[in-house]
Each structure stands twice: as structure tokens, then as C-alpha cells.
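Listed here are the chains, written in short residue letters.
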Amino acid sequence: MPASHAPHDLGYRSLFAHPELVRELITEFTSFTLLDDVALSAFERVNPAYVSERLSARQDDIVWRVRLGDEFLYVYILLECQSGVDRWMALRMQTYIGLLYQDLVKGHELSPGLLLPPVLPLVFYNGLPHWSASMELAGLLMQAPAELAAFQPSQRYVLIDQQRLDKAALEANASLLALLFRFELSVGPDVSNNVLPALVTWFKEAPQANLRRSVQVWVHGLLARRTGKPELFMVDSVEEGADMKGKLDTWAEEFEELGFQKGCAQGKAEGKAEGKVEGQVIALRAVLDSLLRNRFGDLPVSATQRIGQATQAELEQWFQRSLNAASLQAVFDDGAASI
């Protein structure tokens, strides 16, 4: 995996920081039913920092634990956004789950019987190439002699391939996540005529300010990446449904004029030129600025200057902190001078 991320990748990390959308991902886009009636209060976010300490930049891991009766189920989501197919995904998943288990043992977070909890391993993929990697570790192993076969490692994962979701099923699905997937996968007229009006309705009715903010960041990141015009899609506030309707109507006109097309062919085309990298940094600065203003109000000049001068790695780090930081200072605080 590359060490840096486009704004839309960060938008998905922001979305799946909410239990509502993690539950929707499982109940609406997998065959599992065990979480259908589980309350959101049963979900608890787990910080996978223990992985980052051992491996390079595991920023795409999202881990939740869900209380089912007296026990916990762990949900391990690995994001593969705007990337090619990783042949070694099953091996990676086995490694990450093993590290999770080691951390639970070290932290004495096991059941009374000292047993390891079950894990649901999910890979969320929205790349253009068809997923060709083996979905179980056995497909990556040489055939062992018969007398050793029982001792070989085993690991499987569930793949959610966003680009190849059934369009009719998405249109019939009333969940927020299905609406956002339609936004990303549909052509301009469907977005303007169907998706945006539904999204406006959702903004009017959604009570959770943090979730509204994350959806705003996701939409901004998608449109900025698709059009290369991040400055067109800034949002100062999503507190009022009427204000958001005006913004979304304006955005609909803008992206139609700029050639919003089906899929991610333009935004995900492999481009290694410096111009594209700089464009991602500019878009990321705009997304971070918008998110911070929604959370903490007008930004001091020192903060906007730091954002304007920051590298992509610094911007990504501040974005991640901004999702849960209690103050603006906490977003930038890394032992350096105050903002």
C-alpha cells in the first residue's frame, strides 16, 4: 500500500468512524445477519495503533468491537481505496488479526475462559480492476505433503467490491451508505435527479452533527477529486438543511459542467506526474480546512498558515486527529510550537 492517501480515501475513513455506517456496511452489503438488531451502543471503536508500531503505516485499518450478549465480536475493516489488487491480501489480513490477538492478550482483554474472540475480516475495495486476489490464504500456499496439510495456516476474508455492486439493488436500498455509493458510481443525471434530493432530505433529518460532518467531508472529497476543482465545493456549515440544499444544488451544476462521469476512470487513472500529486495536496488542504471550521469555528491565521505550508503526510495526520480531537490545539499538537 502507498504511504499517502487521496482526500477521498480519508473520507471513507471518516465515514467508517461511525457505528451507524459500520453496521450498515455489514447488514446491507454482506450476507451476515448477526448484527441486524444490535444497538449502536454495543459498538466500540478500537485504536489499531499497535499495528502501526510494528508495521509501516497501517492507517487504513478500522477496528470495532461489538458486544453480543456477554461476549465481543471484533470487526476488522481494511480499506483498499483507489488502488490496484493486492495479491497478498489474505496474508496481510492474517498478520493484522494476529497482531490484534496479541494486543488483546497483552492487555488482558479476553473472555473469562481466556479464549480469543471471533473476528469478522472485511476488505472494502473501490478500485477499478476486478479483484483477482485469492480470498483465502490457502490459495497463496504451495501444496503441502499430505501428512503436513493439517498444520498449514488458514485465513479468509469478506470482500465488498464497491465498483461491482448491483445497481438495481443499490437503488432499492434506502440506507445512507447505499446512497453514498450511488453518488460515487452514478452518472450525472441520476445524481442530480435522484441522489442529491435524497441526500438533502437526509441532511434535514439527520440529528448527529458528527455524522453530517463526515458525510460532508466525503462528498467534498469525491467532487474535488473528480473535478480537480476543490475550491468549488467548500462548505462553511451543515447545521441548516436549507443551507445544505443550496450547496448541493450548486455542486450539481458545477460537476455536470465539469464532466462528472460514471465510475472513477478519470479520478482514479494512474497519474504519477507532479501536477496530480500537487492537486491531491490542494484538495486535502481544502477538505481539512472545511472540517476544522465545522468543528471549531473560524481558524486563527496561524492554523491556516500551517495548513497552507504542510506536507501531504502532515495533512493526513491532522485529518485523522481532527475526527476525535477535543480542541483545535489537539489536532496540531505534536510537541511542536502551539498554533
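Owing to the predicted nature of the structure, the values given are computational and were not obtained by experimental measurement.

Draft legend 1. Focus on the overall build of the protein. Looking only at helices and strands, the protein has 14 helices and 5 strands in total. The buried share among the 339 residues of the protein stands at 48%. The contacts of the protein with a sequence gap of at least 6 include a subset with a gap of at least 24, amounting to 67%. Taken as a whole, the protein presents about 16200 Å² of accessible surface, with 51% of it coming from carbon and sulfur.

Draft legend 2. Local environment of helix H6 (residues 176–185). H6 sits mainly inside the fold: 10 of its 10 residues count as buried. Of all the positions in H6, only Leu176, Leu177, Ala178, Leu179, Leu180, Phe181, Arg182, Phe183, Glu184 and Leu185 are classed as buried.

Draft legend 3. Seen up close, a nonpolar patch on the surface. On the surface, Phe32, Leu34 and Leu68 cluster together into a nonpolar patch covering about 220 Å² of accessible area. Within the secondary structure, Leu68 sits in strand S2 (residues 61–68).

Draft legend 4. Fine view of the packing of aromatic side chains. Under the defined criterion, the tally for this structure stands at 12 aromatic pairs. On the numbers, 6.3 Å between centres and 10° between planes, the contact of Tyr76 with Tyr96 is stacked. Note that Tyr76 is positioned in strand S3 (residues 71–80) and Tyr96 in helix H4 (residues 89–106), a separation of 20 residues in sequence. Grouping residues by exposure puts Tyr76 and Tyr96 together as buried. On the numbers, 6.0 Å between centres and 65° between planes, the contact of Phe183 with Trp218 is edge-to-face. Note that Phe183 is positioned in helix H6 and Trp218 in helix H8 (residues 209–227), a separation of 35 residues in sequence. Pair check on accessibility: Phe183 and Trp218 agree, each one buried.

Each value, and the rule that gives it
- Residues numbered from 1 in each chain as written.
- Predicted model: local features only at pLDDT ≥ 70, side-chain atom pairs only at ≥ 80, totals over all residues.
- Heavy atoms only, no water.
- Helix = DSSP H or I, 4+ residues; strand = E, 2+ residues; numbered from the N terminus.
- Buried < 20%, exposed > 50% of the residue type's maximum accessible area, 1.4 Å probe, protein only.
- Contact = heavy atoms within 4.5 Å.
- Areas by Shrake-Rupley, 256 points an atom, 1.4 Å probe, with all protein chains shown as cover.
- Patch = residues over 30% accessible without salt bridge, like charges linked within 9 Å, V, L, I, M, F, W, Y side chains within 5 Å.
- Salt bridge = Lys/Arg side-chain N within 4 Å of Asp/Glu carboxyl O.
- Phe/Tyr/Trp six-rings, centres within 6.5 Å; stacked < 30°, edge-to-face > 60°.

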